[in-house]
Amino acid sequence: MPPPPPLLPPYAARKNADGYVTIGPAELKAKLDAGAFGAVVDVRRREEWDAGHIAGATLLASFNTAGFSAAGAEQLEGCKRCAVAVYCNSGRRSKEAAGVLVSAGFTEVYDGLGIVQWLEDGYPLVNTPSAVPPCSTGHASCKAGPPSPPSPAPPRPPSAPPSPWSLAAARRSGGGGAP
């Protein structure tokens, strides 16, 4: 497998005229491993998906069959402010899909080219169910993977020492208590 890609300029500096960034398999793999995407979308047909796909991807065949219209991307609505990568077989459909997502208001879109390039670079395919992007379910996170653990509860303030009146009341009711 090729080495990880070198450090690259920020996303905004790399956008093409269509408003998205094209990345090769090495950068796509590095970003996948880092959990950098809210969604990784396979825009191929179901039979292509069934032959193997990138781990953690979401099959969005409806996007393909809808002619790459914004309506086909409705299940990604919650991901508009997340990093979204799209790929297909050779890079033609992913380019079209990336442009449509940008036009639909997605702010950070990556064209990950295709399975052909992915396999040429020696990366594996899997046969797993389609992933549900966390950003599409209303989850607050744009990052893939398990949600962050909840923050610990703030410490409770120390309780005040008992007043003499509460101790006297406790003794009268039979509760005892040391003076």
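Draft legend 1. Here's a closer look at the environment of Glu-74. Position of Glu-74 relative to the elements: it lies in the loop between helix 4 (61-65) and strand 4 (83-88). In the structure, Glu-74 is positioned 30 residues away from Ala-104 in sequence and 9.8 Å away in space, judged by C-alpha atoms.

Draft legend 2. Molecular detail of the environment of Cys-79. Secondary-structure assignment places Cys-79 in the loop between helix 4 and strand 4. With 55 residues separating them in the primary sequence, Cys-79 and Pro-134 have C-alpha atoms 8.4 Å apart. Excluding residues within four positions of it along the chain, Cys-79 makes contact with Ala-39, Val-84, Phe-106, Pro-133, Cys-135 and Ser-136.

Draft legend 3. Main features of the state of the cysteines. This structure, assessed with the given rule, holds one disulfide. Two residues share a disulfide in this structure: Cys-79 and Cys-135, whose sulfurs sit 1.9 Å from each other. Where Cys-79 bonds to Cys-135 through sulfur, the torsion about that S-S bond is close to 85 degrees, and the disulfide is right-handed. Placement of the pair is Cys-79 in the loop between helix 4 and strand 4 and Cys-135 in the loop between helix 6 (115-120) and helix 7 (164-172), with a sequence separation of 56 residues. An identical accessibility class is assigned to Cys-79 and Cys-135; each is buried.

Draft legend 4. Focus on helix 2 (residues 25-33). If you check which residues of helix 2 are buried, you get Pro-25, Ala-26, Glu-27 and Leu-28. Note on helix 2: the residue one or two positions beyond its end, Gly-35, has a positive phi of about 70 degrees.

Draft legend 5. Structural detail: the sheet that holds strand 3 (residues 58-59). Across the sheet, which stays open at both edges, the five strands sit in the order 1-5-4-2-3 with parallel pairing between neighbours. Edge positions in the sheet fall to strand 1 (21-22) and strand 3, since each has one partner strand and no second. For strand 2 (residues 39-42) and strand 3, the ladder comprises two bridges, and the chain directions are parallel. When the sheet's bridge partners are listed, Val-41 is paired in strand 3 with Thr-58. Packing against the sheet, helix 5 (residues 92-103) makes contact with strand 4 and strand 5 (108-114), and its axis sits at approximately 150 degrees to strand 4.

Draft legend 6. Representation of the confidence of the model for the protein chain. Taken residue by residue, the protein chain gives an average pLDDT of 79. The fraction at 70 or more is 67%. When pLDDT is averaged over each helix and strand of the protein chain, the minimum, 55, is found for helix 7 and the maximum, 96, for helix 6. The model gives residues 144-154 a pLDDT under 50, and that stretch makes four contacts with residues more than four places away or in other chains.

Draft legend 7. Geometry of the pattern of salt bridges. Under the counting rule described, the total for this entry stands at eight salt bridges. Its salt-bridge partner being Asp-33, residue Lys-29 comes within 2.9 Å of it at the nearest N-O pair. Remark: Asp-33 and Lys-29 occur in helix 2; sequence separation between them is four residues, near one turn of the helix. Overall, Lys-29 belongs to the partly exposed group, its relative accessible area being 22%. Lys-80 is the salt-bridge partner of Glu-77, the closest N and O atoms lying 3.4 Å from each other. Residue classification places Glu-77 among the partly exposed positions, given a relative accessible area of 46%.

Thresholds, definitions, all that
- Residues numbered from 1 in each chain as written.
- Predicted model: local features only at pLDDT ≥ 70, side-chain atom pairs only at ≥ 80, totals over all residues.
- Heavy atoms only, no water.
- Helix = DSSP H or I, 4+ residues; strand = E, 2+ residues; numbered from the N terminus.
- Contact = heavy atoms within 4.5 Å.
- Disulfide = S-S within 2.5 Å.
- Buried < 20%, exposed > 50% of the residue type's maximum accessible area, 1.4 Å probe, protein only.
- Pairing = 2+ DSSP bridges.
- Axes fitted to C-alpha atoms, helices over the stretch in contact; angles between N-to-C directions.
- pLDDT = per-residue confidence, 0-100.
- Salt bridge = Lys/Arg side-chain N within 4 Å of Asp/Glu carboxyl O.

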